[in-house]
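# Structural overview for review
Listed here are the chains, written in short residue letters.
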Amino acid sequence: MAERKGKILIISAPSGSGKTTILKRVLAVTPEVVYSVSATTRKPRNNEVHGRDYYFIGEDEFVDGIKENKFIEWEKVYDYYYGTYKHVLFDVINSGKNVLLEIDVKGALNIKKQFPEAISVFIIPPDIKSLEERLRNRRTESESDLKKRLDLAVHELGEKDKFDYRIINVDLETAVKETHDLILKIINKEN
Ligand code: 5GP
């Protein structure tokens, strides 16, 4: 009998929607799911760790990776490259574990095309105003980066109906519970 492969879960949300906070909380109590660490050319923020949050690599290394076909998908988001390594994704699912990709909307739709059985979830911020507030309070982006993130957020919100499930993050505790319940439902479903 063929080994059972792990499932692919994709989570997307505009920058500032609270996605990272929600996912950290959910992943801490969901050992059945392995977080896929992406590569990026963005500089690490204060609390970010290489190999845990991202593989922080230089632009040359990223572009070489593209040429060498190391990425299952990659995008230029804002001014930086972000990509999912093939080996990260396949190592997890081939070992029978479920993998969670936290990637942008374009990347999510790309993965869905390559793996139609993957399940996609979109986290919706309550409104643009609160999204802007969250981004500003984070104080990690320059004013021009912030503007780019807000513009992209508006565009990404328009794509939410292309996802299998949507969760609205009005209240953090509720969003964490809903995301956790949904992930358990998806990974425990037959097939
Ligand atoms: P941030 O810089 O805030 O960590 O991430 C910026 C955006 O890049 C987010 O929408 C995040 O989901 C997306 N992202 C992170 N990793 C990947 C990846 O491997 N591929 C794609 N396509 N997007 C990614």
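Before going into details, it helps to say that this report is about the structure given with it.

The rules behind these values
- Residues numbered from 1 in each chain as written.
- Predicted model: local features only at pLDDT ≥ 70, side-chain atom pairs only at ≥ 80, totals over all residues.
- Heavy atoms only, no water.
- Near = heavy atom within 4 Å.
- Polar contact = N/O pair within 3.5 Å; in protein donor to acceptor, adjacent residues only side chain to side chain.
- Areas by Shrake-Rupley, 256 points an atom, 1.4 Å probe, with all protein chains shown as cover.
- Helix = DSSP H or I, 4+ residues; strand = E, 2+ residues; numbered from the N terminus.
- Nonpolar A, V, L, I, M, F, W, Y, C, P; charged D, E, K, R; others polar.
- Core = buried A, V, L, I, M, F, W, Y, C linked by side-chain atoms within 4.5 Å.
- Buried < 20%, exposed > 50% of the residue type's maximum accessible area, 1.4 Å probe, protein only.
- Contact = heavy atoms within 4.5 Å.
- Patch = residues over 30% accessible without salt bridge, like charges linked within 9 Å, V, L, I, M, F, W, Y side chains within 5 Å.
- Salt bridge = Lys/Arg side-chain N within 4 Å of Asp/Glu carboxyl O.
- Lys, Arg positive; Asp, Glu negative; His and termini not counted.
- Charge placed at Lys NZ, Arg CZ, Asp CG, Glu CD.
- Expected span 1.5 Å × (residues − 1).
- Pairing = 2+ DSSP bridges.

### A closer look at the site of the ligand
Near the ligand there are 17 residues, and of these Ser38, Arg42, Tyr54, Glu73 and Tyr82 occur at the shortest range. Take Lys19: an N or O atom from its side chain is 3.0 Å from an oxygen atom of the ligand. Here Thr84 contributes a side-chain N or O atom positioned 3.3 Å from an oxygen atom of the ligand. Within the complex, 96% of the 510 Å² of free accessible area of the ligand lies under protein. Those elements giving two or more residues to the shell around the ligand turn out to be strand S5 (71–77) and strand S6 (80–85). Residue classes in the shell around the ligand are distributed as five nonpolar, four polar and eight charged.

### Thoughts on the nonpolar core
In this structure, Ile8, Ile10, Leu89, Val99, Leu101, Ile111 and Phe115 are the most contacted members of the largest nonpolar core, which totals 18 residues. Residues within four places of Ile111 in sequence aside, it is in contact with Ile8, Ile10, Ile72, Glu73, Leu101, Ile103 and Ala118. In terms of nonpolar packing, the next biggest core, distinct from the first, is built from 17 residues, Leu9, Leu100, Val121 and Val176 among them.

### Notes on a negative patch on the surface
A cluster of acidic side chains, namely Glu59, Asp60, Glu61 and Asp64, defines a negative patch on the protein surface. By the secondary structure assignment, Asp60 is in helix H2 (residues 59–67).

### Some points on the side chain of Ser12
Along the chain, Ser12 falls in strand S1 (residues 8–12). Owing to a relative accessible area of 0%, Ser12 belongs among the buried residues under this scheme. Here Ile103 takes part through its backbone oxygen, which lies 2.7 Å from a polar atom of the side chain of Ser12. A polar atom in the side chain of Ser12 sits 3.5 Å from the backbone oxygen of Asp104. Non-local contacts of Ser12, meaning those with residues more than four positions away in its chain, are made with Lys19, Ile103, Asp104, Val105, Ala108, Val121, Phe122, Ile123 and Phe163.

### A short note on helix H6 (residues 143–157)
Relative to the 21 Å expected for 15 residues at 1.5 Å per residue, H6 spans 21 Å between its end C-alpha atoms, a close match to the ideal helical length. Of the surrounding secondary structure, the elements contacted by the buried residues of H6 are S6, helix H4 (105–114), strand S8 (119–124) and helix H5 (128–138).

### A few points about the pattern of salt bridges
Side chains that carry opposite charge are capable of pairing whenever their charged atoms lie near each other. In this structure the tally under the stated criterion is 14 salt bridges. In this structure, the salt-bridge partner of Asp151 is Lys147, at a minimum N-O distance of 2.9 Å. With a gap of four residues between them, Asp151 and Lys147 both fall in helix H6, about one helical turn apart. What makes Asp151 partly exposed here is its relative accessible area of 45%. Salt bridges linked by common partners bring Lys24, Arg52 and Asp53 together as one network.

### With respect to the pairing of S1
Taking burial as the measure, the five residues of S1 include five buried ones, the bulk of the element. A two-sided burial pattern is seen for S1, the buried positions comprising Ile8, Ile10 and Ser12 on one face and Leu9 and Ile11 on the other. The sheet contact formed by S1 and strand S7 (residues 98–102) spans four bridges and is parallel. Considered in S7, the bridge of Ile10 is made with Leu101. When S1 meets S8, the two strands line up parallel, connected through four bridges. Pairing of Leu9 across the sheet is with Ile119, part of S8.

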